[in-house]
Number of protein chains: 2
Amino acid sequence: MTDAPRLYLDDLVPGMVLRSGELTVTAEAIKAFARDFDPQPFHLDEAAAEGTFFGGLAASGWHTAALTMRLLVEGGLPLAGGIVGAGMDELRWPRPVRPGDRLRLESEVLEVRPSRSRPNQGLVKARTTTLNQDGEPVQVLVANLVVPRREPMPA
Amino acid sequence: MTDAPRLYLDDLVPGMVLRSGELTVTAEAIKAFARDFDPQPFHLDEAAAEGTFFGGLAASGWHTAALTMRLLVEGGLPLAGGIVGAGMDELRWPRPVRPGDRLRLESEVLEVRPSRSRPNQGLVKARTTTLNQDGEPVQVLVANLVVPRREPMPA
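This one's a predicted model, so the numbers in the text were calculated from it and none came from an experiment. Along every chain, residues carry numbers that run from 1 in the direction the sequence is written. Starting at A for chains and at 1 for ligands, labels are handed out in the order in which the entities are written. Local features in a predicted model are, by the rule used here, given only for residues with pLDDT of at least 70; side-chain atom pairs are given and counted only at 80 or more, and totals for whole chains, interfaces and linings are based on all residues. With hydrogens and water excluded, all non-hydrogen atoms of the structure serve as input to the side-chain values.

### Here's the deal with the interface of chain A and chain B
Put simply, the test is: The contact definition used throughout considers only heavy atoms, calling two residues in contact when any of these lie within 4.5 Å. Values labelled buried area give the accessible surface lost by two parts on being combined, using a 1.4 Å probe and summing over both. Whenever a carboxyl oxygen of Asp or Glu lies within 4 Å of a side-chain nitrogen of Lys or Arg, that contact is scored as a salt bridge. In the analysis that follows, any N or O atom pair within 3.5 Å is treated as a polar contact, provided that within protein one partner can donate a hydrogen and the other can accept it, and provided that, for residues neighboring in sequence, both atoms belong to side chains. For helices the rule is a DSSP run of H or I covering at least 4 residues; for strands it is a run of E covering at least 2, with both sets numbered from the N terminus onward.
Opposite the 32 residues of chain A that make contact, chain B presents 32 residues. Together chain A and chain B conceal approximately 2700 Å² of surface at their shared face, both sides included; 72% is due to carbon and sulfur atoms. Of all residues in chain A, Phe37, Trp62 and Met88 of chain A bury the most surface against chain B, accounting for 26% of the area lost on that side. Our count for the chain A to chain B interface comes out at zero salt bridges. At the junction of chain A with chain B, the criterion picks out eight residue pairs in polar contact (both at pLDDT 80 or more). Those elements that place two or more of their residues in the side of chain A that touches chain B are helix H1 (27–37), helix H2 (41–44), helix H4 (61–76), strand E2 (85–92) and strand E5 (137–148) of chain A.

### With respect to the UniProt feature "domain: MaoC-like" (unreviewed entry) in chain A
Threshold: UniProt positions are given in the numbering used here, feature names are shortened, and annotations may be inferred rather than shown by experiment.
Mapped onto this structure's residue numbering, the UniProt feature "domain: MaoC-like" (unreviewed entry) falls at residues 19–120 of chain A. End C-alpha to end C-alpha, residues 19–120 of chain A measures 26 Å, and it is 35% helix and 26% strand.

### Examining the pairing of strand E4 (residues 121–131) of chain A
All names here are of chain A. Our working rule: Partly exposed describes any residue whose relative accessible area lies between the buried limit of under 20% and the exposed limit of over 50%, with all areas from a 1.4 Å probe on protein chains only and scaled to the type maximum. Pairing between strands is defined by DSSP: at least two bridges between them are needed.
Along E4, nine of the eleven residues are buried, which leaves the element largely enclosed by surrounding structure. Bridge analysis of strand E3 (residues 102–114) against E4 gives ten bridges, and the strand direction is antiparallel. Residue valine 109 lies in a different strand from E4, and its bridge partner there is alanine 126. Counted between consecutive antiparallel strands, the loop separating E3 from E4 contains six residues. Pairing between E4 and E5: eleven bridges, direction antiparallel. The partner of leucine 131 across the bridge, within E5, is proline 137. Taken together, E4 and the strand that follows it, E5, pair antiparallel across an intervening segment of five residues, in which glycine 135 is found at a positive phi of about 75°.

### A word on the confidence of the model for chain A
Filter applied, for reference: Think of pLDDT as the predictor's per-residue confidence, scored from 0 to 100.
Looking at chain A, the pLDDT average stands at 93 and 95% of residues meet or exceed 70. Scoring of the predicted complex yields 0.93 for pTM and 0.91 for ipTM.

### Observations regarding the relation of the copies chain A and chain B
The condition that has to hold: The copies are overlaid by a least-squares fit using only the C-alpha atoms of residues whose pLDDT is at least 70 in both copies.
Expressed as a screw operation, the relation of chain A to chain B combines 0.0 Å of axial shift with a rotation of 180°, fitting to an RMSD of 0.0 Å. Both chain copies can therefore be described as sitting about a two-fold axis. By residue overlap, the copies meet face to face through one surface: 100% of the interface positions of chain A are interface positions in chain B.

### Digging into the nonpolar core
Note the threshold: Nine residue types can take part in a nonpolar core, namely buried Ala, Val, Leu, Ile, Met, Phe, Trp, Tyr and Cys, and a core is a set of them joined through side-chain atoms within 4.5 Å.
Counting 72 residues, the largest nonpolar core has Trp62 of chain A together with Trp62 of chain B as its most contacted members. Residues contacting tryptophan 62 of chain A, with those up to four places away along its chain left out, are Phe33, Asp38, Leu91 and Trp93 of chain A together with Trp62, Ala65, Met69, Met88, Leu91 and Leu141 of chain B.

### Details of H1 of chain A
Quick reminder of the rule: Our arc is simply the arc of the directions from the helix axis toward the C-beta atoms.
Among all positions in H1 of chain A, only Ile30, Lys31, Phe33, Ala34 and Phe37 of chain A are buried. Down the axis of H1 of chain A, the buried side of the element spans an arc of 165°, and every buried residue falls inside it. Buried residues belonging to H1 of chain A abut H2, helix H3 (46–50) and H4 of chain A together with helix H1 (27–37) and helix H4 (61–76) of chain B.

### Quick notes on the pattern of salt bridges
Enumeration over the complete set of coordinates arrives at 26 salt bridges over all chains. In this structure, the salt-bridge partner of aspartate 11 of chain A is arginine 150 of chain A, at a minimum N-O distance of 2.8 Å. Separated by 139 residues along the polypeptide, aspartate 11 of chain A in the segment before strand E1 (17–24) and arginine 150 of chain A in the segment after E5 bring together distant segments of the chain. Since its relative accessible area comes to 23%, aspartate 11 of chain A is described here as partly exposed. Here arginine 150 of chain A falls in the partly exposed class, since its relative accessible area comes to 42%. Glutamate 106 of chain B is the partner of arginine 104 of chain B in a salt bridge, and the nearest nitrogen-oxygen pair spans 3.4 Å. We classify arginine 104 of chain B as partly exposed; its relative accessible area is 27%. Overlapping salt bridges bring together Arg19, Arg104 and Glu106 of chain A as one network.

Structure below.
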């Protein structure tokens, strides 16, 4: 969490781009996540990964997704009410995340829709691209997020 | 990893359903994942979660996704070559995962497409539904997976 201003539905317009801080992915973190959630050779061990599809140790895509969530929550998308996903339209991993990669996010607001049934909130569709230190996309996520509206001014 | 037979592209047909083992989600695991990847009040602390959208402690959707991956890898989808995702068409969390929930998977093969450019593999589209102990879906994932073909018989 940061002290940055929190954005309400009313503050968001299509085309707006928000950037996150960054983090570095270590080989140890890749292997620890894999042991807990994705115990396949290409995520667990450098030598075992050599002869596989990935040609070397690579992070689980779900690890990349989880790290992306951390960057969003830590200020990459400072939404009032937090990051509450109502569903994903797209989730792709165009290239692997390798040990030592430095990740950051660019999130673009695609659509802003006030809710008809719930006047105090709405849905925002946003494309969050996770980039490595060379500016190459390692994940593309298009998410629908629940975002509160500002309180109406008292009458 | 299990000793179950491994399935190649040639073994899969649309409509086939595969079932996983199960696992139980503890409050401690929910909080530990949240501390690492999704530090929002509704995933971190029972009391703080009460007044939120979720009305109580709930697992991060990304935790549910990661646990689903573990069940797939541990035999829920025994594909030759492992579980290698080429992209997701859908990822939804229709209801929260709560402490004590017991999760299992049902994966249905939707499409089987041999690759034109790579004769030794193909793409499988599968819908993996994560169910709780009451048989209610907590996650729906439609994934495109890279699956090897059987070696052709020697001439």
